[in-house]
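Chain residues, written in single-letter form:
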Amino acid sequence: MKAFAIAALAASLFATEAVAQDHLVPEESVIGGSEFSPGYHDLVSLVFADAYKPNVRARVIVEQRSAPEAAVGISERDGQWWLFSLEASERIWPRPSRDVTARRYEIAIDPELGQRIVAVWTAMLYGAHYDRPVQEREQESVLVGNILHLHFSARVGGQILAGGVTGPTDDSAPGLLAHVAGDIDDYCRAPNPDTRAALERGVARLEARLLEERRR
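Residues numbered from 1 in each chain as written. Predicted model: local features only at pLDDT ≥ 70, side-chain atom pairs only at ≥ 80, totals over all residues. Heavy atoms only, no water.

1. Section: the nonpolar core
- One finds L83, I117, W121, F152, I184 and L199 to be the most contacted residues of the largest nonpolar core, which totals 39 residues.
- In terms of residues, this core owes the most to one element, helix α5 (residues 173-189), which gives nine residues.
- Contacts of W121, omitting those with residues within four sequence positions, involve A58, R59, V60, V72, F152, S153, A154, L177, V180, A181 and I184.
- Of all hydrophobic cores here, the second largest spans 14 residues; its members include V47, A71, F84 and I92. (Core = buried A, V, L, I, M, F, W, Y, C linked by side-chain atoms within 4.5 Å. Buried < 20%, exposed > 50% of the residue type's maximum accessible area, 1.4 Å probe, protein only. Helix = DSSP H or I, 4+ residues; strand = E, 2+ residues; numbered from the N terminus. Contact = heavy atoms within 4.5 Å.)

This is the structure we're talking about:
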């Protein structure tokens, strides 16, 4: 069972916001935008400390309104690639970090698939951009702050990329990236040919979408 739901939780309540989220929006750090809740994001980084180790190539932190937070990502150690999924034992907000632990699932993968995952992840992050005035974005972040939010980030050489999305629709590029994260979670928890094939299909769908967008 997935640690988080990929469905567009915000779509029914904030349809215009879900439609607008067809790309990632830049964030200030790999933990996520912290202008409204810096203490909370500090706790998230402590509970999911494994997701911020130097060998982690890409990650996503998932905030949910009705389930514990989760972290999913990919790391590389001595040429070996690993997928991981971390699930908080309970909601981090608003509990002190010492009360929450993280359960870890991990599986080794071949370098080719690992590189493909990092490639689509970073391509999405390189495409992150704003499309509304700052004041309007800040107001929206207050309105939809209790809805599913995903904080994506990656390390490219010495550069750190970070971007987020709230309530992505299933068929949007951020939605496809969210599905890849969900497929990673599934494969880590239940490694078998079916979950591996689902992950490869998810990566291929996002690769095709990114190629299509480049051709426009």
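2. Re the side chain of S75
- By the element assignment, S75 lies in strand β3 (residues 70-77).
- Classification of S75 as buried rests on a relative accessible area of 2%.
- Excluding its chain neighbours within four sequence positions, the residues that come into contact with S75 are N55, V56, R57, Q80, W81, W82 and F84.

3. Observations concerning the packing of helix α3 (residues 111-126) against helix α6 (residues 193-215)
- Where α3 contacts α6, the two axes come as close as 10 Å, and the packing angle between them is 40°. On the basis of their axis angle, the class for α3 and α6 is oblique. Between α3 and α6 the crossing geometry is left-handed. Together, L113, R116, I117, V120, A123 and M124 of α3 and R196, L199, E200, V203, A204, L206, E207 and L210 of α6 make up the contact between the two elements.
- Its residues assigned to classes, the contact of α3 with α6 shows 10 nonpolar, no polar and four charged. (Axes fitted to C-alpha atoms, helices over the stretch in contact; angles between N-to-C directions. Parallel < 35°, antiparallel > 145°, perpendicular 65-115°, else oblique. Left-handed = near helix turned anticlockwise from the far one by under 90°. Nonpolar A, V, L, I, M, F, W, Y, C, P; charged D, E, K, R; others polar.)

4. Re the sheet that holds strand β1 (residues 25-26)
- The antiparallel open sheet is built from seven strands, whose spatial order is β1-β7-β6-β2-β3-β4-β5. The sheet terminates laterally at β1 and β5 (102-109), the two strands that pair on one side only.
- Inspection of the sheet shows strand β2 (residues 56-63) paired to strand β6 (residues 149-156) by six bridges, in the antiparallel sense. Residue V60 lies in a different strand from β6, and its bridge partner there is F152.
- Contacts from α5 reach β2, β3, β4 (80-88), β5, β6 and β7 (159-166) within the one sheet, and its direction differs from that of β4 by about 95°. (Pairing = 2+ DSSP bridges.)

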